[in-house]
Amino acid sequence: MPKRRTDRSKPDHYSKMAKKDNYPARSIYKLDEIQKKFNVIRPKDQVLDLGCSPGSWMKYAVDIVGPAGRVVGVDIKDRDMSRGGGGPDNMSFHLLDVMEMDDVAWETIGGDYTVVLSDMAPSTTGIKSVDAARSFLLCEAALGIAERVLVPGGNFVVKIFQGEDFEAFVRSVKQQFKTRKIFKPKSCRPDSKEIYVIGLGKKDMLV
Ligand SMILES: C[S@@+](CC[C@H](N)C(=O)[O-])C[C@H]1O[C@@H](n2cnc3c(N)ncnc32)[C@H](O)[C@@H]1O
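Numbering of residues begins from 1 in every chain and follows the order in which that chain's sequence is written. Local features in this predicted model are restricted to residues whose pLDDT is 70 or higher, and side-chain atom pairs enter the listing and the counts only when it is 80 or higher, whereas totals over whole chains, interfaces and linings include all residues.

Visitor: Give me the lowdown on the environment of S53, citing residues and values where you can.
Guide: Note on placement: S53 falls in the loop between strand 1 (46–50) and helix 3 (56–65). Spatially, the C-alpha atom of S53 lies 18 Å from that of M17, the residues being 36 residues apart in sequence. A helix here means a DSSP run of H or I that spans at least four residues, while a strand means a run of E at least two residues long, and both kinds are numbered starting from the N terminus.

If you want it as structure tokens, here you go:
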């Protein structure tokens, strides 16, 4: 029997919890599970959050890094100020498309990050192979950005929709990081093909 798609218009347990905990999106619990298992973000970290809107992951990360750290968010959609905007001085947002990185965009995001996160999701068609191919392109862009701005030893978290390019992408992460993990948080919707690839300890390619 085909799997029934969950009704996303109705708030589920995690959406209700996010509202209660004052986070703009239920995706916060995915990062929370990743953090509790792999400790990817640490106090004083410099975090780049790709696809950050509406801002739950940024809000969560800035609490961990503390005032000596920094969180920079990037998205093609503006952050919804009513849901997750504002925040401390060490948190900033840039309106950018990661698929169109030019000199200005590189200069805007800067470098020397210790963590790169990507919860980017493409606009979906409902055709699994098309959505997975679009997700793969976003993941490649995120990995390319991490290659350029992440310091050796840094950590990388990226969401991917599983499809035919999944294994190839996992291999690319393995090439750049000492440890690679694949993790499906319990808070992902049961009918979702999304999964997280985690790279721990970026290899120093110059050594
Ligand atoms: C699931 S949401 C992220 C939720 C976020 N982690 C949070 O906790 O609030 C995925 C985001 O990826 C962004 N996105 C998709 N394609 C992008 C691109 N090419 N460049 C930048 N952001 C992109 C979308 O606009 C969307 O806001």
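Visitor: Report on the site of the ligand, specifying residues and quantitative values.
Guide: Each residue gets a C-beta atom placed from its backbone. Should that atom fall within 6 Å of a molecule or strand, the residue is termed near it. Taken together, 23 residues are adjacent to the ligand, and S27, G51, S53, S56 and D119 come closest. Mapped by element, the contributors of at least two residues to the shell around the ligand are helix 3 and strand 2 (70–75). Residues that form the shell around the ligand fall into these classes: 14 nonpolar, five polar and four charged. Here the term charged refers only to Asp, Glu, Lys and Arg, the term nonpolar to Ala, Val, Leu, Ile, Met, Phe, Trp, Tyr, Cys and Pro, and the term polar to all other amino acids, Gly among them.

Visitor: Tell me about the sheet that holds strand 1, residues and numbers included.
Guide: Strand order in the open sheet formed by seven strands is 3-2-1-4-5-7-6, and the pairing between neighbours is mixed. In this open sheet, the two strands that pair with only one neighbour each are strand 3 (91–95) and strand 6 (177–183). In this sheet, adjacent strand axes meet at a mean angle of 15° when their direction is disregarded. Pairing analysis gives six bridges linking strand 6 to strand 7 (residues 194–202), with the strands arranged antiparallel. Within strand 7, the residue paired with K181 across the bridge is I198. Note on contacts: each residue gets a C-beta atom placed from the backbone, and two residues are in contact if those atoms are within 7 Å. An axis is simply a line fitted to the C-alpha atoms; with a helix, the fit covers only the stretch in contact. Between two such axes, the angle follows the N-to-C directions and lies from 0 to 180 degrees. Along the sheet, helix 2 (residues 28–38) contacts strand 5 (150–161), strand 6 and strand 7; its crossing angle with strand 7, the most-contacted strand, is approximately 40°. Helix-sheet contacts for helix 3 involve strand 1, strand 2, strand 3 and strand 4 (113–118), and the interaxial angle to strand 2 is about 165°. For two strands to be treated as a pair, DSSP must find no fewer than two bridges joining them.

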